[in-house]
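Here are the chains, one letter per residue:
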Amino acid sequence: MPSRRTTLFFRLLLLTAGIALLLAWWCIPSVKAFIDQSLTAFLSVDQQGIERFIHSYGSQAAAVSFVLMIFQAVAAPLPAFLITFANASLFGAFWGAVLSWTSSMAGAALCFYIARLMGRGVVEKLTGKMVLKSIDGFFERYGKHTILICRLLPFVPFDPVSYAAGLTSLRFRHFFIATGIGQLPATIVYSWVGSLLTGGTYWFITGLFILFALTIVIVVAKTVYHERQKRNS
């Protein structure tokens with residue numbers, strides 16, 4: 001855990017960054033337009049709208065997508081899969097997956113440190129008490145395996161898990177590795193789906209079933225392994 005002086009420094013740094021962002025939103029028209037359009041596209045749950053928004057930045061589209069992924073991570077629970085779909089459609093399944101995976105990892109790391117430095121009170125305001133409490137239940141049940149398991153479960157929200165992990169004694173290195181491994185299957189599936197999606201939901205549902213099946217296989221394998229360990233001990 002960081003020292004009290006380090007915690008205070010980074011709290012001030014985050015607070016300063018937040019104030020600077022608010023001032024930029026208030027005083028700089030281009031920043032205000034970017035944030036407002038991003039929120040409008042997210043809240044309308046319009047993947048094509050997000051795609052058009054990212055595409056409108058031309059050569060800077062990838063950087064804009066990266067910023068959007070981090071933005072949605074901090075402003076949970078905006079749907080990240082919409083950006084993943086848009087990335088796959090704009091940049092192809094492979095490069096879209098690379099962009100989505102790296103940006104989601106950056107967002108997860110930011111959420112982790114916000115929680116670790118700012119404390120539970122701030123996290124509850126960002127995620128909601130009930131959501132955070134439900135994630136706490138996963139940590140109580142699965143312990144150090146929570147991150148990997150939650151990343152593989154498609155119905156567990158991504159960002160609250162990152163925030164909740166920051167409130168525990170879990171080392172960032174372990175959190176980051178587990179997140180990277182656990183997030184990879186979902187990113188691949190969503191990117192593949194996004195490259196095929198043409199307005200319907202068939203491939204999206206198919207992708208979810210594939211991801212769910214993969215989760216079941218892993219959970220069952222883990223259960224069998226632990227049962228054998230108990231019998232041999």
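What counts and what doesn't
- Residues numbered from 1 in each chain as written.
- Predicted model: local features only at pLDDT ≥ 70, side-chain atom pairs only at ≥ 80, totals over all residues.
- Heavy atoms only, no water.
- Helix = DSSP H or I, 4+ residues; strand = E, 2+ residues; numbered from the N terminus.
- Buried < 20%, exposed > 50% of the residue type's maximum accessible area, 1.4 Å probe, protein only.
- Contact = heavy atoms within 4.5 Å.
- UniProt positions renumbered as here; feature names shortened; annotations may be inferred.
- Salt bridge = Lys/Arg side-chain N within 4 Å of Asp/Glu carboxyl O.
- Axes fitted to C-alpha atoms, helices over the stretch in contact; angles between N-to-C directions.
- Parallel < 35°, antiparallel > 145°, perpendicular 65-115°, else oblique.
- Left-handed = near helix turned anticlockwise from the far one by under 90°.
- Nonpolar A, V, L, I, M, F, W, Y, C, P; charged D, E, K, R; others polar.
- pLDDT = per-residue confidence, 0-100.
- Phe/Tyr/Trp six-rings, centres within 6.5 Å; stacked < 30°, edge-to-face > 60°.
- Lys NZ or Arg CZ within 6 Å of the ring centre and 35° of its normal.
- Patch = residues over 30% accessible without salt bridge, like charges linked within 9 Å, V, L, I, M, F, W, Y side chains within 5 Å.
- Areas by Shrake-Rupley, 256 points an atom, 1.4 Å probe, with all protein chains shown as cover.

Visitor: How do you make sense of the overall build of the protein chain when you look at a structure like this?
Guide: From N to C terminus, the protein chain includes twelve helices and zero strands. Counting from the amino terminus, helix and strand elements in the protein chain follow one another as α-α-α-α-α-α-α-α-α-α-α-α. Out of the 233 residues belonging to the protein chain, those deemed buried represent 37%. If you take every contact in the protein chain between residues at least 6 apart in sequence, the share linking residues at least 24 apart comes to 70%.

Visitor: Could you clarify how one ought to interpret the UniProt feature "transmembrane region" (unreviewed entry) in the protein chain in this entry?
Guide: In the numbering used here, UniProt assigns the "transmembrane region" (unreviewed entry) feature to residues 57-74, 175-194 and 200-221. Between the C-alpha atoms that bound residues 175-194 there is a distance of 27 Å. The span itself is 100% helix and 0% strand.

Visitor: Looking at this structure, how should I read the pattern of salt bridges?
Guide: Side chains that differ in charge, positive against negative, can pair when their charged atoms come close. Under the defined criterion, the tally for this structure stands at two salt bridges. With a closest N to O distance of 3.3 Å, Glu124 and Arg120 form a salt bridge. Here the residue Glu124 and the residue Arg120 both occupy positions in helix H7 (residues 120-127), the gap between them amounting to four residues, near one helical turn. Glu124 sits in the partly exposed class, given a relative accessible area of 23%. Residue Asp136 is joined to Arg120 by a salt bridge in which the shortest nitrogen-to-oxygen separation is 2.4 Å. Taken together, the residues span a long stretch of sequence, with Asp136 in helix H8 (residues 129-142) and Arg120 in helix H7 at a distance of 16 residues. When its relative accessible area of 18% is taken as the criterion, Asp136 is described as buried.

Visitor: Can you walk me through the packing of H8 against helix H10 (residues 158-166) in this structure?
Guide: Between two packed helices, both the angle of their axes relative to each other and the distance between the axes serve to describe the pair. Following both chains from N to C, one finds H8 and H10 inclined at 65°, their axes separated by 9 Å at the closest point. With respect to H10, the axis of H8 lies roughly perpendicular. Between H8 and H10 lies a crossing whose hand is right-handed. Facing Val131, Leu132, Ile135, Asp136 and Phe139 of H8, the residues of H10 in contact are Pro160, Val161, Ala164 and Ala165. Residues of the contact of H8 with H10, tallied by class, amount to eight nonpolar, no polar and one charged.

Visitor: Sorry, what's going on with the confidence of the model for the protein chain here?
Guide: Predicted coordinates in regions of low pLDDT should not be interpreted in detail. For the protein chain, mean pLDDT is 77; residues scoring 70 or higher make up 66% of the total. Within the protein chain, no element has a lower average pLDDT than helix H12 (residues 202-232), which sits at 59, and none a higher one than helix H6 (residues 93-118), at 91.

Visitor: Could you clarify how one ought to interpret the packing of aromatic side chains in this entry?
Guide: Each aromatic ring pair is characterised by the separation of its centres together with the angle its planes make. In this structure the tally under the stated criterion is twelve aromatic pairs. Here the basic side chain of Arg151 rests over the ring of Phe158, its NZ or CZ set 3.9 Å away from the ring centre.

Visitor: How should a nonpolar patch on the surface be read in this particular structure?
Guide: Taken together, the side chains of Phe94, Trp95 and Val98 make up a nonpolar region of the molecular surface, amounting to roughly 360 Å² of accessible area. Tracing the backbone through its elements, the reader meets Phe94 in helix H6.

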